[in-house]
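Summary of the model geometry
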Amino acid sequence: MLPDSPSPATRPRSRSRRRLRAVLLAAASAALMAAALPPPPPVPLGIGDPLFPSLGNPGYDVVAYDIAFTYRGDNTVPLDAVTAIEARVTERLERINLDFSHGTVSAVVVNGLPAEFASAGEDLVVQPLLPLEKGSQARITVEHTSDPRGDEDGWVTTEDGLVMANQADAGHRVFPSNDHPADKAYFTFRITAPSELTAVANGVRTAKRPNGATTTWAYRTRHPMATELAQVAIGDSAVPTREGPGGLPVRDVVPAEDAAALEPWLKKTPGQLEWMESKVGPYPFENYGVLIADAETGYELETQTLSLFERRIFVNGTLPEWYVDSVMVHELAHQWFGDSVTPRTWSDLWLNEGHATWYEALYAEEKSGRLMETRLREAYRRSDQWRADGGPPAAPKPPKPDSKISLFRPVMYDGSALVLYALRQTIGGDAFDRLERAWVSEYRDANASTADFTRLAARIADRDLTAFFQSWLYEERTPPMPGHPDWKSTAPAVRPVSQAR
């Protein structure tokens, strides 16, 4: 994710009896309601992420989602939806918790049998007719609505339809899921919409079926994906295509009326892909493209294979070309760092944003003469204040309860790029370049943690980096920058975190 501030150094930064069927009542807030389960009462669960404790659910691992949406061309009306989840059961479950909070549920079926269900917090709690045994497979099908109304992320309304913006915790506002990046899965999307509109989603299109006034589009990912990276775009769109390096399919999704005006920007993507491949190796997915939406989100987003951008940053003419280019590269870099290699916990977010900022800044330097060192020196000056405000890079403070996106603070962006710069200064450019390539190769399509990165760095550099990473990733004050004893960080205006508690 990247906020659309034009000032890089200051941007804040991305679940066999008829009586078992429950009847849902839609509250004014469109919150989930359901018939009560027999005792004990349903409770929300989480997997223990310190920043998002209610996200994710124990006891199963999702293998695949198959999600069908029916959109009527009206953003004031909820979409009808069916979400089918294939999962491996990792512990005996009498109940299954799914994350889901912004729709109504009409039926749940588990392994072909109807199940009872109820809401608890932001969870859909399902009680199957038969317990699920450890090691078994489960297919959970939920018939529900998906509501685009409201001010929170998830569905974002555009001038001509909808797009998704699920980072960090909004995927379960769109569909029932195990909404934590630690549980990546394959996705199939089936979108039925008025025939005059175009529907696009992550991955490769597998079908387009016209049926008079409506058309059903189907897409499937070829690599696992975190729920926060899911993307479905519906609108009056053009989908220009071209080739990237090695014949990689590049497909963009833009407002049809803007296709010609946006072409000068779209044609940059193959060169940007080639540049990123020269730095870290082959692009990790089946295709790529940019999704330009006529909406104001306040940020750009690395949805997998189809990065989301606001229309205004390309057409308003208020941002310099070099800056927009670097923003495009930031979201592209995330396809390696964050999408292919996905954080194990939200505290590992610095690995996403620090790397994307690194390549954003490096591209601006190599292509437009905007010196990375100048940018990072200014970031170093602000770094102590950033740490005081948001915590150190690998131990961030929790987001504000009413603004989960507040996790994306400056310390996650330029403050984390500083860690990478210091690491390069410490282990040398050759070892750093080998580390970058090894990271995206060894953890491709997987989850990885800060500890995984630090171990790999020590192995590549063939030295003990414990003290280095402890100070740069976890301390309240910014350590001295190797090779730059003249760099100074402004002391925070507030008391150190340890004294302010």
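The structure this text deals with has already been given above.
Figured I'd write up the structure that's included with this text. (Residues numbered from 1 in each chain as written. Predicted model: local features only at pLDDT ≥ 70, side-chain atom pairs only at ≥ 80, totals over all residues. Heavy atoms only, no water.)

The subject of this paragraph is the environment of alanine 448. On the secondary structure map, alanine 448 appears in strand 25 (residues 446–448). Taking the relative accessible area as the measure of exposure, alanine 448 reaches 1% and is therefore buried. On a C-alpha basis, the gap between alanine 448 and glycine 317 in space is 39 Å, while along the polypeptide they are 131 residues apart. Those residues in contact with alanine 448 that lie beyond four places of it in its chain are Val341, Thr342, Pro343, Arg344, Asp348, Trp439 and Tyr443. (Helix = DSSP H or I, 4+ residues; strand = E, 2+ residues; numbered from the N terminus. Buried < 20%, exposed > 50% of the residue type's maximum accessible area, 1.4 Å probe, protein only. Contact = heavy atoms within 4.5 Å.)

Let's shift gears to the nonpolar core. Formed by 144 residues in total, the largest nonpolar core has its most connected members in Phe69, Val108, Phe189 and Trp439. A per-element tally of this core places helix 5 (residues 349–368) first, with nine residues. Ignoring any residue separated from it by four or fewer positions in sequence, one finds tryptophan 439 in contact with Phe337, Val341, Leu351, Ala448, Ser449, Asp452, Phe453 and Leu456. (Core = buried A, V, L, I, M, F, W, Y, C linked by side-chain atoms within 4.5 Å.)

Here we come to the packing of aromatic side chains. Overall, the coordinates contain 25 aromatic pairs when judged by the stated rule. Each ring, one from tyrosine 421 and one from tryptophan 487, has its centre 5.6 Å from the other, and the planes form 10°; the classification is stacked. Here tyrosine 421 is found in helix 7 (residues 414–427), whereas its partner tryptophan 487 is found in the loop between helix 10 (466–474) and helix 11 (497–500), with 66 residues between them in sequence. Assigned by exposure class, tyrosine 421 and tryptophan 487 land together as buried. Here the aromatic residues Trp350, Trp439, Tyr443, Phe453, Phe468, Phe469 and Trp472 are joined through ring pairs into a cluster of three or more. (Phe/Tyr/Trp six-rings, centres within 6.5 Å; stacked < 30°, edge-to-face > 60°.)

Below, the discussion takes up the sheet that holds strand 8 (residues 123–127). Strand order in the open sheet formed by three strands is 4-8-7, and the pairing between neighbours is antiparallel. The sheet is open, and its two edges are formed by strand 4 (96–99) and strand 7 (116–120), each paired on a single side. Each neighbouring strand pair of the sheet contributes to a mean axis angle of 25°, computed without reference to strand direction. Inspection of the sheet shows strand 7 paired to strand 8 by five bridges, in the antiparallel sense. (Pairing = 2+ DSSP bridges. Axes fitted to C-alpha atoms, helices over the stretch in contact; angles between N-to-C directions.)

In this model helix 7 runs 20 Å from its N-terminal to its C-terminal C-alpha over 14 residues, within 8% of the 20 Å that 1.5 Å per residue would give. Of all 14 residues that make up helix 7, eleven are buried, and the element is covered over most of its length. Taken residue by residue, helix 7 has Asp414, Gly415, Ser416, Ala417, Leu418, Val419, Leu420, Tyr421, Ala422, Leu423 and Ile427 as its buried positions. On its buried face, helix 7 sits against helix 5, helix 6 (372–390), helix 8 (429–442), helix 9 (450–461) and helix 10. (Expected span 1.5 Å × (residues − 1).)

A word on the packing of helix 2 (residues 269–280) against helix 5. Across the interface, helix 2 lies against helix 5 with an axial gap of 12 Å and an inter-helix angle of 110°. As summarised for this structure, helix 2 and helix 5 are arranged roughly perpendicular, according to the angle between their axes. Here helix 2 and helix 5 pass one another in a crossing that is right-handed. Facing helix 2, whose interface residues are Gln272, Trp275, Met276, Lys279 and Val280, helix 5 presents Tyr359, Leu362, Tyr363, Glu366 and Lys367. In terms of residue class, the contact of helix 2 with helix 5 is made up of six nonpolar, one polar and three charged. (Parallel < 35°, antiparallel > 145°, perpendicular 65-115°, else oblique. Left-handed = near helix turned anticlockwise from the far one by under 90°. Nonpolar A, V, L, I, M, F, W, Y, C, P; charged D, E, K, R; others polar.)

Function cannot be read off these values alone, since they describe shape.
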